[in-house]
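Each chain is listed here by its residues.
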Amino acid sequence: MNTYRVNPTDRLSALKRTLDAQGFVRALEAHSGLSGIVAERSQINESDGSIREFNAIWESSLTDSATKGLPDASIVGTESRIHTINEILQVTTKPLIVDGDTGGEIAQFEFMVSSLERIGVSAVIIEDKVFPKRNSLDASASQELEDPDRFAAKISAGKSATVSPDFMIISRLESLIAGHGVDDALRRAEIYINAGTDGIMIHSNKSQPDDLFKFVEKYEALCNRLGKRPVLVGVPTTYNQYKEPELASLGFNIVIHANHQLRASYKAMQATAKLILESQSSEEADASIASVKEVFSVVGFDRVVSDDRERSQILNLPVIIPAAGKDPVLTDVPKSLINIAGRPVLDYQREMIAKTGIKKVTVVRGHNGKQFDAYYKKDDDLDFLENKNYEESGSLYSLLLAREQMVHGFAFVYSDILFRSDILQRLINSGKDIVLGIDNTYRHHRHEIDKKLDLVVTQQDIDFRLRRLAPLELTQLVSIGKNIDIENADSEFIGMGYFSAKGVEALVRTYEDFAGKGKGVFHESASFEMASITDMIQELIRRGFPVHGLGVTQGWMEIHTNQDIEIAESELADSLN
Ligand code: SPV
Ligand code: MG
């Protein structure tokens, strides 16, 4: 789909604006969304550096009918025409001039006018023939003209049906087509101008239309006498040896190239069909037709595919769980295997991860790592990496063991937390390159805080406790770490976060800057190897990389004491009741 849009009211008035500004409009026919796109986007450079393009699109009865394989003889009805018009409007922004044929009965014309105006069409041209009309380009067809006063009544009724002063109703004189001569055309023009028409289209199907030029000459005098000059419209199909500047200098304000895209595509389709028949293969035709890639691109398929790709990249993201360390209290098992109501923490985590659509989980194990084998088997969706050095390394080292898996981005979850899936989902969808879940309710925790928390200072202090309709905000972090004074901190880091591919790039680059440089390189840790994930995030912030916090108030808890286990078990029991 095309992303650029135009407000229908602005689009409607654009034709009048262009006419007022330039005095001349060049229109190209379209009969479908795709031909509309071509009319919209075709442009060349003028020698003075400006751009030459079509200023408007003509929705033709001849080509709309022909596209359906039907003759232009009042067979395709207004509803069907409006369908095509909508197709074109949907994918273009330029003003549309609609061929209204005879306009039908007054009531039918009123319906046509209000329908077209409502969807943002700029003008309708109706011809002074009787229904059912025949196409004007066939000189042998019977061309019966409408009584001019009846036609004038239709014009005034149409004008009364409009709500916008900019919607134009243009009267098309068929006198020269029907062989009634210039004087008949001038007489009718006067009646239609007095009825309030916004434009006069004078039509001819001659290759040397001297009568048409005679009409144009006398048109100015007529308008002078009447004190108004509706715009003059020409359709040079048969007399196309006359170029736009010449027609403009004669007095035409709108020139319509009325059927050329349809004729071009018909010929191209025929030639291609014949070539395929001859060659018994389509290979020979490739050189003269658009590539599929080009067609995909012009109708916006590329964007749809890239959106899909983005979505599937998210679903293929791994969630990395650094689980190598030893809990200071619950020392018998790896943190992931702490038992809550008969199941390891990792079970609950995987359940929540699966709810987001993410499949891949990578656990970095170390302390008592072998115990995982009693519960889990490595498979496509669950990967185990070994941190053999777990006693002399921190969570950052564990995380980076998974660097091959993280190139397109990753989420991470500490191994000892329970969480609801929506927190993970929101982190991934935040649109930020590095974002951490943060919670500022720690000051109100019932139980004593017997562990040094990872605290954060944010750019804006968010009061998460306020009732609010809008989703909780994202804010940029100023600092993070265990040494932040509890009084200065705004929030606590919950142990969950997300890195985009760009975030990963910064992470890996910074990690490599430090790797192997020994002690004291990180401000808070004894050595680089012992650094935690939050040490690294602090370093990224220090280097100016934007790190965001996503406000979370409920839906997560950390398990690091037996009391935590009891709370978790009672909550799980409640949620089952
Ligand atoms: C059309 O394009 O449908 C027209 C112009 O009405 S013409 O075919 O020249 O009559
Ligand atoms: Mg027509």
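Here is a short report on the structure shown in this document. Keep in mind that this is a model prediction, so the values were computed, not measured.

## Some remarks on the packing of aromatic side chains
- Across all of its chains, the model carries 14 aromatic pairs by this definition.
- Here the aromatic rings of tyrosine 414 and phenylalanine 493 are separated by 5.5 Å at their centres, their planes lie at 80 degrees, and the arrangement is edge-to-face. Highlighted residues: tyrosine 414 in the loop between β16 (409–413) and β17 (417–419) and phenylalanine 493 in strand β21 (residues 491–500), separated in sequence by 79 residues.
- Within the aromatic cluster, the residues linked to one another by ring pairs are Phe410, Phe412, Tyr414, Phe493 and Phe499.
- The ring of tyrosine 348 is capped by arginine 343, whose NZ or CZ atom sits 4.7 Å from the centre of that ring.

## Details of the pairing of strand β11 (residues 319–323)
- Counting buried residues along β11, five of its five residues qualify, which places the element largely inside the surrounding structure.
- A two-sided burial pattern is seen for β11, the buried positions comprising Val319, Ile321 and Ala323 on one face and Ile320 and Pro322 on the other.
- As paired elements, β11 and strand β14 (residues 361–365) share five bridges and run parallel to each other. In the strand pairing of β14, valine 319 is matched with valine 361.
- In this sheet, β16 lies alongside β11 in parallel orientation, the contact comprising two bridges.

## Observations concerning the sheet that holds strand β6 (residues 123–127)
- The strand order around the closed barrel formed by eight strands is β1-β4-β5-β6-β7-β8-β9-β10, and the pairing between neighbours is parallel. The average undirected angle you get between the axes of adjacent strands in this sheet is 25 degrees.
- Along the sheet face, helix α4 (residues 78–91) touches β1 (25–30), β4 (56–59) and β5 (96–99) and points at about 165 degrees away from the line of β5.
- Here helix α7 (residues 181–194) sits on the sheet in contact with β7 (168–173) and β8 (199–202), set at roughly 160 degrees to β7.

## What about the pattern of salt bridges?
- Within this structure, the stated rule accounts for 34 salt bridges.
- Between arginine 81 and glutamate 59 there is a salt bridge whose closest N-O contact spans 2.6 Å. Here arginine 81, found in helix α4, pairs with glutamate 59, found in strand β4; they are 22 residues apart in sequence, far enough to count as distant. Across this residue pair, the class does not change: arginine 81 and glutamate 59 are buried.
- In this structure, aspartate 184 engages arginine 187 in a salt bridge whose closest nitrogen and oxygen atoms are separated by 3.1 Å. Of the two residues, aspartate 184 and arginine 187 both sit in helix α7, three residues apart, roughly one turn of that helix.
- By relative accessible area, which is 46% here, arginine 187 ends up partly exposed.
- Among the charged side chains, a salt-bridge network with shared partners connects Glu59, Asp64, Lys68, Asp72, Arg81, Asp101 and Lys133.

## Focus on the packing of α4 against helix α5 (residues 106–118)
- At a minimum axis separation of 11 Å, α4 and α5 run at an interaxial angle of 15 degrees. When the axis of α4 is compared with that of α5, the two are roughly parallel. Like other packed secondary-structure pairs, α4 and α5 cross with a definite hand, here right-handed. Across from Thr78, Glu79, Ile82 and Ile85 in α4, the residues of α5 making contact are Phe111, Met112, Ser115 and Leu116.
- In terms of residue class, the contact of α4 with α5 is built from five nonpolar, two polar and one charged.

## Describing a nonpolar patch on the surface
- Where nonpolar side chains cluster on the molecular surface, the patch consists of Leu34, Val292, Val295, Phe296, Val299, Phe301 and Val304 and spans about 550 Å² of accessible area.
- Broken down by secondary-structure element, the contributors of at least two residues to the nonpolar patch are α11 (292–298) and α12 (301–315).
- It is α11 that provides the largest number of residues to the nonpolar patch, a total of three residues.
- As for its position among the elements, valine 292 is in helix α11.

## Structural notes on the coordination of the magnesium ion (ligand 2)
- Every protein donor of the magnesium ion (ligand 2) is listed here as Ser61 (OG) and Asp99 (OD), and their distances to the metal cover 2.0 to 2.2 Å. Here aspartate 99 lies in strand β5 and serine 61 lies in helix α3 (residues 61–67), a separation of 38 residues in the sequence.
- Among the residues examined, serine 61 registers a relative accessible area of 3% and is labelled buried.

## Looking at the site of ligand 1
- Close contacts around ligand 1 come from Trp58, Ser60, Ser61, Leu62, Asp72, Asp99, Asn135, Ser136, Leu137, Arg172, His203 and Ala258, and that covers them all.
- Within the backbone of leucine 62, a nitrogen or oxygen atom sits 2.8 Å from an oxygen atom of ligand 1.
- Here an oxygen atom of ligand 1 and a side-chain polar atom of aspartate 99 are 2.8 Å apart.
- Protein chains shield 100% of the accessible area of ligand 1, which is 280 Å² for the free molecule.

## Concerning the environment of glutamate 127
- With respect to the helices, strands and loops of the structure, glutamate 127 is situated in strand β6.
- You can call glutamate 127 buried: its relative accessible area is 1%.
- For the pair glutamate 127 and isoleucine 170, spaced 43 residues apart in sequence, the C-alpha to C-alpha distance is 8.7 Å.
- Sequence-distant contacts of glutamate 127, that is, excluding residues within four places in its chain, are made with Asp99, Asp101, Thr102, Lys133, Ser136, Phe151, Arg172 and Glu174.

## Some remarks on the side chain of glutamate 29
- Position of glutamate 29 relative to the elements: it lies in strand β1.
- Buried and without a salt bridge, glutamate 29 has arginine 263 as its closest oppositely charged side chain, separated by 8.5 Å.
- Engagement of the side chain of glutamate 29 in a polar contact is seen with the side chain of threonine 63, the distance being 2.9 Å.
- Leaving out residues up to four positions away in the same chain, glutamate 29 has contacts with Trp58, Ser60, Thr63, His257, Ala258, Asn259, His260, Gln261 and Leu262.

Calculation notes
- Residues numbered from 1 in each chain as written.
- Chains lettered and ligands numbered in written order.
- Predicted model: local features only at pLDDT ≥ 70, side-chain atom pairs only at ≥ 80, totals over all residues.
- Heavy atoms only, no water.
- Phe/Tyr/Trp six-rings, centres within 6.5 Å; stacked < 30°, edge-to-face > 60°.
- Helix = DSSP H or I, 4+ residues; strand = E, 2+ residues; numbered from the N terminus.
- Lys NZ or Arg CZ within 6 Å of the ring centre and 35° of its normal.
- Buried < 20%, exposed > 50% of the residue type's maximum accessible area, 1.4 Å probe, protein only.
- Pairing = 2+ DSSP bridges.
- Axes fitted to C-alpha atoms, helices over the stretch in contact; angles between N-to-C directions.
- Contact = heavy atoms within 4.5 Å.
- Salt bridge = Lys/Arg side-chain N within 4 Å of Asp/Glu carboxyl O.
- Parallel < 35°, antiparallel > 145°, perpendicular 65-115°, else oblique.
- Left-handed = near helix turned anticlockwise from the far one by under 90°.
- Nonpolar A, V, L, I, M, F, W, Y, C, P; charged D, E, K, R; others polar.
- Patch = residues over 30% accessible without salt bridge, like charges linked within 9 Å, V, L, I, M, F, W, Y side chains within 5 Å.
- Areas by Shrake-Rupley, 256 points an atom, 1.4 Å probe, with all protein chains shown as cover.
- Donors = N, O, S within 2.8 Å, 3.2 Å for Na, K, Ca; no water.
- Near = heavy atom within 4 Å.
- Polar contact = N/O pair within 3.5 Å; in protein donor to acceptor, adjacent residues only side chain to side chain.
- Lys, Arg positive; Asp, Glu negative; His and termini not counted.

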